[in-house]
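Here are the chains, one letter per residue:
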Amino acid sequence: MSQSVLYSKVKNWYLSNFEIFSKRLNGSKNFFNEIREKAVAKFTELDFPTRKNEEWKYTDITPILKYNFVPSALVSIPKLTLDEINKLLFKDFDFYLATIVNGVFVEELSNLENLPKGVIIGSLNKILKDRPELFDNYANDFLSIDNIFNALNNVYAYDGLVMIVEKNVIIDKPIQVLFINGNNESEVLSSPKNLIIAKENSQLSVIFNYRGFGDKKYFTNSTVNVSIDEGAILDYYKIQEENEDSYHIEKIDVIQSTKSVFNQFNINFGGELVRNDINTKLNGEYIETHFYGLYLVQGKQHVDNHTLIDHAKPNCLSNELYKGILDDNSHGVFNGKIFVRPGAQKTNAYQQNKAVLLSSGAKLDTKPQLEIFADDVKCTHGAAVGHLDESAEFYIRSRGVPEELAKSILIRAFANDVVEMMKIGELKEQINHKIFEHLHRIEFKNN
Amino acid sequence: MLIIKNLHAVVEGKEILRGINLEVKPGEIHAIMGPNGSGKSTLANVLAGNKGYEVTEGEIWFEGKNLLDMEPDERAKEGVFLAFQYPVEIPGVSNATFLKTAINEKRKYLNLPELSPKEFLDMMKEKAKILGMDESLISRSVNVGFSGGEKKRNEIFQLLMLEPKLAILDETDSGLDIDALKIVANGVNVFHKDDNAVIVVTHYQRLLNYIVPDFVHVLYKGKIVKSGGKELALELEEKGYDWVTSNELETQSI
Ligand SMILES: Nc1ncnc2c1ncn2[C@@H]1O[C@H](COP(=O)(O)OP(=O)(O)OP(=O)(O)O)[C@@H](O)[C@H]1O
Ligand SMILES: [Mg+2]
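As the structure is a prediction and not an experimental result, all values here were calculated from the model.

Colleague: I keep staring at the overall build of chain B and nothing clicks. Help me out?
Modeller: Scanning chain B for helices and strands turns up 10 helices and 12 strands. Taking 18 Å as the expected radius of gyration for a compact globule of 254 residues, we find that chain B reaches 18 Å, a close match to that expectation. Per-residue burial for chain B yields a buried fraction of 53% across its 254 residues. Here the analysis covers contacts within chain B between residues at least 6 apart in sequence; of these, 70% occur between residues at least 24 apart. Considering chain B, the positive charge centre built from 30 side chains and the negative charge centre built from 39 side chains are found 2 Å apart.

Colleague: In this structure, what is going on with the interface of chain B and chain A? I would like to understand it.
Modeller: Interfaces are often sized by the accessible area lost when the parts come together. On the side of chain A, 17 residues touch chain B, which itself brings 30 residues to the contact. Taken over both partners, the interface formed by chain B and chain A buries close to 1800 Å², and the fraction arising from carbon and sulfur atoms is 68%. Summed over the shared surface of chain B and chain A, the number is 9 residue pairs in polar contact (both at pLDDT 80 or more). For the side of chain B that touches chain A, the secondary-structure elements that each account for two or more residues are helix 1 (40–48), helix 2 (72–78), strand 6 (80–83), strand 7 (90–94), helix 3 (95–109) and helix 6 (148–162) of chain B.

Colleague: I'm lost on the domain arrangement of chain A in this one. Help?
Modeller: Residue and element names in this part refer to chain A. Taken domain by domain, chain A comprises domain 1 (3–283) and domain 2 (389–447). Averaged C-alpha coordinates put domain 1 and domain 2 at centres separated by 31 Å. Taken together, the 18 residues of domain 1 in the interface contact 14 residues of domain 2. When domain 1 packs against domain 2, close to 1400 Å² is buried across both sides, 66% of that on carbon and sulfur atoms. The shortest N-O distance in the salt bridge between glutamate 241 and lysine 434 comes to 2.8 Å. At the boundary of domain 1 with domain 2, the tally comes to 5 residue pairs in polar contact (both at pLDDT 80 or more). Elements represented by at least two residues in the side of domain 1 that touches domain 2 include exactly strand 9 (203–212), strand 11 (233–241) and strand 13 (261–268).

Colleague: Looking at this model, I keep getting lost on the site of ligand 1. Mind explaining?
Modeller: Residue and element names in this part refer to chain B. Around ligand 1, 16 residues are found, and the nearest of them are Gly37, Lys40, Ser41, Thr42 and His203. In the environment of ligand 1, an oxygen atom lies 3.2 Å from a nitrogen or oxygen atom belonging to the side chain of lysine 14. Here a nitrogen atom of ligand 1 sits 3.4 Å away from a polar atom, N or O, in the side chain of tyrosine 53. Those elements that place two or more of their residues in the shell around ligand 1 are strand 2 (14–24) and helix 1.

Colleague: What's the story with the coordination of the magnesium ion (ligand 2) in this structure? I'm lost.
Modeller: Geometrically, a metal with four donors at the corners of a regular tetrahedron has ideal angles of 109.5 degrees, and one with six donors at the corners of a regular octahedron has ideal angles of 90 or 180 degrees. For the magnesium ion (ligand 2), the full set of protein donor atoms is Ser41 of chain B (OG) and Gln85 of chain B (OE1), at a range of 2.0 to 2.1 Å. Of the two residues, serine 41 of chain B sits in helix 1 while glutamine 85 of chain B sits in the loop between strand 6 and strand 7, which places them 44 residues apart along the sequence.

Colleague: How do you make sense of the sheet that holds strand 2 of chain B when you look at a structure like this?
Modeller: Hydrogen bonds along the backbone pair up the strands of a sheet, which may run parallel or antiparallel. All names here are of chain B. If you trace the 4 strands from one edge of the open sheet to the other, you get 2-1-4-5, paired in antiparallel fashion. This sheet does not close on itself; its edge strands, each paired only once, are strand 2 and strand 5 (65–66). Where strand 1 (residues 2–11) and strand 2 come together, 8 bridges link them in antiparallel fashion. Directly across from alanine 9, in strand 2, lies its bridge partner leucine 17.

Definitions and limits used
Residues numbered from 1 in each chain as written. Chains lettered and ligands numbered in written order. Predicted model: local features only at pLDDT ≥ 70, side-chain atom pairs only at ≥ 80, totals over all residues. Heavy atoms only, no water. Helix = DSSP H or I, 4+ residues; strand = E, 2+ residues; numbered from the N terminus. Rg over C-alpha atoms; globule rule 2.2 N^0.38 Å. Buried < 20%, exposed > 50% of the residue type's maximum accessible area, 1.4 Å probe, protein only. Contact = heavy atoms within 4.5 Å. Lys, Arg positive; Asp, Glu negative; His and termini not counted. Charge placed at Lys NZ, Arg CZ, Asp CG, Glu CD. Buried area = accessible area lost by both parts, 1.4 Å probe. Polar contact = N/O pair within 3.5 Å; in protein donor to acceptor, adjacent residues only side chain to side chain. Domains from an automatic or database assignment. Salt bridge = Lys/Arg side-chain N within 4 Å of Asp/Glu carboxyl O. Near = heavy atom within 4 Å. Donors = N, O, S within 2.8 Å, 3.2 Å for Na, K, Ca; no water. Pairing = 2+ DSSP bridges.

Here you go:
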């Protein structure tokens, strides 16, 4: 089958499923209908990208299109117990918990009791029905669709997580959002649509924890829209550890207002083919944005991180640090765009992208993209791809430490520049532990 | 304890060690001297198991076991320790974590329980004190930003923490001021007992005033060309290497 035939066949598959899907919705009218209508129009109009598309130059999405993924709304949702999900959580610190299974909020597996006043966290579908007025000022922000996966997410959007934090509210504990994707019955498409609104001077910390379920192939196609209003602070940890043969595509779209702070961590362990788009628009002055990325891949995993920091106004600071660890025949892609728009004077923008290749089959394609239209700016970027330091490895081994452990010590040290920036001590430790686990699984496989 | 027989080793295609024979018994201190490039560090690296050096001929026996069959970490756990001529910097790994890992790996190997955090801490404090080491160095990344002297001191600190059977000190005295030299030498003497042994690689008699060797060997072009007692070091200091190397030429021409 030629690529174009395959691509249009897949499009028809998703469009014909949409008819079944919209019948099931029974014509319930809300904000979503408007989104879906626009999304269907966009989805029809756009094409799946080939590698000729500059944005997808190093990522071939054909593997994803070889499966007829069934939208999760058309199949049953796996029943999980609290015990089962407990194993998937980051633990040993206090947190609120929201669980989303195949894109649907599950009340019984969540713990959102005693949230501070002025905080709404829960099912997007339900909150939209009950209190549509909450979204009035944000509707436009949440309708931007600029690629076909984004459109597909919105075509099937019917639930996900919403968080709204009122002015001046500081949430006392992090909110852990556990996304469980996959189904034992069929190959599913999970389409969570998530919104975070941090109003003026509010502060919150969220951990988006992505895990897989069952042994069938699945496709997570997610979107997160974020608004960080004036003076608000958002710490955002994305930790992706989906099944190793799954597909994961997510777009995180952020708008920041004056004096807001956004600390974003993008940590990837899982997935066979992963694409993250993380975009933030610095739409005010004196904004701070920190992007920290870490990925550890092996086998034939492919992880593509695209980031965009859009300096639209003067006097802002952005700092980006991505670190990759690639083994076997894995493939990484890093594309970091920094825009400094005309008039965005006194911008400080820093970007660094580093990777270690643990085998000769591993590969990283990287492309910094700086487009600067203001003259009074400080902007630096750097990239370094290398191997583990052999003399350091010998030094460690000469003290009695076995080879695999010596390597993993060096790798954890390499990753530490990112991990140490996390503000939740227990989370740091558990991420370090995951790095260790993933590294040693490599060894296990080789033997 | 250590028996080296007819050891030949090659680096990047070039033969550096050309038939070394050496025996070290428990309780002994051996000094190895010799001009730059004669192969002293090569010998030290071969003993520690650096894969950059290929052994092409000969044998090394350590406590009755074939050292050449062992990985570098096994050698360490069996009791071989190399204080590096150029200690390596490891950003992001603290001295404390590094040593704790090393000690516990060795204890695991010897079927001993792990050290408790308190035992480990007490031990670190005790050993750091012997070397007059600033405790802040212990929490810092291994050798990163250490001065030349601090790096050398840190090697001896590791020696005291790991308590090997055989310590090979590769120019531990270079880069040390006279006070530091005394402190470091004292550290080595604290370590040295009847049941362990030390090989000191040095260019200077000065160190041997403090770490008194039982034997002195001169390494020249990959061979031990002369061995003697501690007075040999004094003689070398006085007469230079020409004195022994010309002997070597004579023996070769026979
Ligand atoms: N990794 C290497 N690659 C290439 N050549 C090497 C390497 N290591 C050692 N050599 C060579 O082997 C020879 C012996 O070096 P070695 O470091 O053992 O000498 P040394 O006796 O320790 O000298 P010094 O007193 O200067 O420390 C030198 O000619 C050196 O250039
Ligand atoms: Mg040397």
